[in-house]
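Coordinates in review
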Amino acid sequence: MTTKKSDDQDRIVIKKYANRRLYNTATSSYVTLDHLSQMVKDNTDFVVYDAKSGEDITRPVLTQIIVEEENKGQNLLPISFLRQLIGFYGDSLQGLVPSYLEQAMRAFGHNQEQMREYMQGTMQGMFPFGQFEEMNKQNIALFEQTMKMFSPFMQDENGEPTGDGPKKPTAPGGAKSDASLDELKSQLEAMQAQLNNLAGGKSDK
């Protein structure tokens, strides 16, 4: 029997059965990954449970949706980004990556909403390409800077190290290790300030 969490009251519960079929308990109908993808785009909150074990499998299902979209040719994830992301699994910085990616995407989403507002505003169909091109450049630069800060070394398009990026501490617990940790903390604080400025500064224009 599926065990619901207390915060699932406002979520649509999707059950996944052994035959890989997905069942929407709100509509009492079977759905596909395409349906779930559209629900995400419509900001419809849902959680996916394994029908037999009751395990929350929302994360792998969402990941599967991304894989399906990428296979359709809608490539949002650059190869270099995927290589770097894979490299963080098992790394000592793994725990820091999710929150930073969330904040970077939140800042990007903020600019995305501004773009929509401009397009739907009183500009009589005139699209400010220059301003949004600059927004895009700032977003990309910030995201690349974030990934460079996390990565022990940067990689080129073939996955080869370029030698850039922060160096790994040579002696855990030693002076160099402490210095590297202090440097990382400073970089994190600087990046946090940049993200806050990017998310808040644009709204004043």
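Data block above holds the structure.
Our subject in this report is the structure included herewith. (Residues numbered from 1 in each chain as written. Predicted model: local features only at pLDDT ≥ 70, side-chain atom pairs only at ≥ 80, totals over all residues. Heavy atoms only, no water.)

**Here we look at the overall build of the protein chain**
Summing up its helical and strand segments, the protein chain has 6 helices and 4 strands in all. Along the chain direction, N to C, the helices and strands of the protein chain fall in the order β-β-β-α-β-α-α-α-α-α. The 205 residues of the protein chain split such that 25% are buried. When contacts within the protein chain are restricted to residue pairs at least 6 apart in sequence, long-range pairs at least 24 apart make up 56% of them. (Helix = DSSP H or I, 4+ residues; strand = E, 2+ residues; numbered from the N terminus. Buried < 20%, exposed > 50% of the residue type's maximum accessible area, 1.4 Å probe, protein only. Contact = heavy atoms within 4.5 Å.)

**So, the environment of Ile 57**
Its place among the elements puts Ile 57 in the loop between β4 (46-50) and α2 (58-71). The spacing of Ile 57 and Ile 14 is 43 residues in sequence and 9.8 Å in space, taken between C-alpha atoms. Filtering out sequence-adjacent residues up to four positions away, Ile 57 remains in contact with Lys 16, Val 48, Tyr 49 and Asp 50.

**Some words on the packing of aromatic side chains**
Scanning the entire structure with this criterion turns up 1 aromatic pair. A centroid spacing of 5.1 Å and a plane angle of 65 degrees characterise the contact between Tyr 23 and Tyr 30, whose relative ring orientation is edge-to-face. Overall, Tyr 23 belongs to the partly exposed group, its relative accessible area being 22%. A residue is classified by how much of its surface remains accessible, and Tyr 30, at 42% relative accessible area, is partly exposed. Lying over the aromatic face of Tyr 30, Arg 21 brings its terminal NZ or CZ to 3.8 Å of the ring centre. (Phe/Tyr/Trp six-rings, centres within 6.5 Å; stacked < 30°, edge-to-face > 60°. Lys NZ or Arg CZ within 6 Å of the ring centre and 35° of its normal.)

**Things to note about helix α1 (residues 33-41)**
Three or more residues of α1 are buried, namely Leu 33, Leu 36, Ser 37 and Met 39. The buried residues of α1 occupy an angular sector of 160 degrees when the element is viewed end-on, so they sit on one face. In the core, the buried residues of α1 are packed alongside β1 (12-16), β2 (22-24), β3 (29-31), β4 and α2. (Arc of directions from axis to C-beta.)

**Description of the sheet that holds β1**
An order of β3-β2-β1-β4 is seen for the 4 strands of this open sheet, with the pairing classed as mixed. Two strands close off the open sheet at either side, each with one partner strand: β3 and β4. For this sheet the average axis-to-axis angle between neighbouring strands, irrespective of direction, equals 35 degrees. Strand direction decides the pairing type here: β1 and β2, joined by 3 bridges, are antiparallel. (Pairing = 2+ DSSP bridges. Axes fitted to C-alpha atoms, helices over the stretch in contact; angles between N-to-C directions.)

**A few points about the pairing of β1**
Pairing between β1 and β4: 5 bridges, direction parallel. Residue pairing in the sheet places Ile 12 in a bridge with Phe 46 of β4. Connecting the antiparallel pair β1 and β2 is a turn made up of 5 residues, with Arg 20 showing a positive phi of about 75 degrees.

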